[in-house]
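Listed here are the chains, written in short residue letters.
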Amino acid sequence: MNFESLGLAPELVRALSDVGYTIPTPIQAEAIPLALAGHDLMGGAQTGTGKTAAFALPVLHRLAQDGPKRGPRKPRALVLTPTRELAVQVNDSLRSYGKHLRMNTATVYGGVGMQPQIEALRRGVDILVACPGRLLDHLQHRSVDLSGIEVLVLDEADRMLDMGFLPAIKRVLSALPKARQTMLFSATFEESIKKLALELLKDPRQVQVTPQNATAASVTHVVHPVDSSRKRDLLIDILSKRHTDQILVFGRTKHGCNRLAEQIEKSGIPAVAIHGNKSQSQRLKALRDFKSGEARVLVATDVAARGLDIPLLPLVINFDLPMVAEDYVHRIGRTGRAGASGEAVSLVAPDEGGLLRAIQRLLKADIAMQEVEGYVPSTGIRMGNDNASRGRPSGQRPPRRDGAAPRGRRPHAGGGERHAHAGPKGHGPRGGGERRQRVGD
């Protein structure tokens, strides 16, 4: 099977060929024909499976086949994403696939001024990629008209619910035409996702190409037990021995990631950090430096666990285990993509045994434990209560992931998403319609 056999427009097939894509991935092979037939779609796919193209190509095909509408050029397709990084990447993919079509795309997200976005919308947009909070701001300013939307896509719907975007999503939906095609993609199909799908989709077709909470078969997993006080030294030892590899390191807190990146830099290894307190320009520069090889190590909080397309990344290191077991899957989904081999290494202190146990239960497999000479911990890892496999000590509420609010937290009035990886109150920029830096949207 090739992309041409799926019935895509020749211009799209040519654009795919230009970037070396000839054979569709399983999610693309199953989802694209259903989407082209006009069905609402519920797609289950992990990151790295090609799900962006699974909805981007049908959207581009539909709009190209229908031709431009008369009157002002207002958005005809809307893609909602949980983070600004994912919004930028989806927009880049749309532009790449649609480069032989006369199609305008734009992104709107918080953390930057509204005026350039307003000007882009005034010039006319066919496909709008947006984060919910900033899109609400534009609706309130009447700088966007969503009455012409023919296709709605919710990308990483589970992540959006995790970040408390449900009220904002429902407010956006009230501005959309009821007669539309809707596609929802999610890595998991928990009850909250199924409930949302029932509200949004009409007689949907479901495509599930990977088991829920599955990890790529090409990824090897290993745990290095180590005392908390020696983690940094062990990490730098590992980084020094893998001196030619690009490596993604996950930490738990913004401050901790900053400090860790600085310590890695002092050891002579180029490193950058990305997290919720970074401005949009800082985050994009960090990603550019990492992808270009100028920085060899990217230290990130879970804001980078989904949506980041980093090809051929051989190694992911969990400096801190995630507090929620499912996030382990999303973290290591950065490696072992498109059939390539990858490694997931976790540095686990004795008191993180409950988190490790939760991950093993989620994966339904033990993770190999390898002691490193010179770093053997003073006591063994205590595989304690994992609190119903959610990865936290019994009786303790989960901390907010990189500032994200618990599911169901209402957005700030006016659509501001201070719960979405936001920094301390009042620390964000106040120009361009922003009340604070909404770095999670």
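Chemist: When you look at the packing of aromatic side chains in this model, what are you seeing that I'm missing?
Modeler: What characterises a pair of aromatic rings is the spacing of the ring centres plus the angle enclosed by the ring planes. Inspection of every chain in the model, using the stated rule, returns one aromatic pair. Measuring from centroid to centroid gives 5.5 Å for F55 and F185, while their planes differ by 50°, and the two rings are tilted. On the criterion of sequence distance, the pair formed by F55 in helix 3 (residues 51-66) and F185 in strand 6 (residues 181-186) is long-range, its members being 130 residues apart. Grouping residues by exposure puts F55 and F185 together as buried. Stacked on the ring of F319, the Lys or Arg K231 has its end atom at 5.6 Å from the ring centre.

Chemist: Just to check I follow, could you spell out unusual backbone geometry for this structure?
Modeler: Leaving glycine aside, a negative phi is the common case for residues, and trans is the common case for peptide bonds. The phi dihedral of R142 is positive, around 55°, even though this residue is not glycine. With a phi close to 55°, K364 is a non-glycine residue in the positive phi region. Structurally, K364 is set in the loop between helix 14 (353-363) and strand 14 (368-369).

Chemist: For this particular structure, what's the right way to read the sheet that holds strand 4 (residues 127-130)?
Modeler: If you walk across this open sheet you meet the seven strands as 3-4-2-5-6-1-7, and the pairing is parallel. A strand with exactly one partner marks an edge of an open sheet, and here the two such strands are strand 3 (105-108) and strand 7 (205-208). Ignoring strand direction, the axes of neighbouring strands in this sheet form an average angle of 15°. Where strand 3 and strand 4 come together, four bridges link them in parallel fashion. Bridge pairing links V108 to A130 in strand 4. The strands touched by helix 4 (residues 84-97) are strand 2 (77-80), strand 3 and strand 4; relative to strand 3, the strand with the most contacts, the crossing angle is about 180°.

Reading the values: the criteria
- Residues numbered from 1 in each chain as written.
- Predicted model: local features only at pLDDT ≥ 70, side-chain atom pairs only at ≥ 80, totals over all residues.
- Heavy atoms only, no water.
- Phe/Tyr/Trp six-rings, centres within 6.5 Å; stacked < 30°, edge-to-face > 60°.
- Helix = DSSP H or I, 4+ residues; strand = E, 2+ residues; numbered from the N terminus.
- Buried < 20%, exposed > 50% of the residue type's maximum accessible area, 1.4 Å probe, protein only.
- Lys NZ or Arg CZ within 6 Å of the ring centre and 35° of its normal.
- Pairing = 2+ DSSP bridges.
- Axes fitted to C-alpha atoms, helices over the stretch in contact; angles between N-to-C directions.
- Contact = heavy atoms within 4.5 Å.

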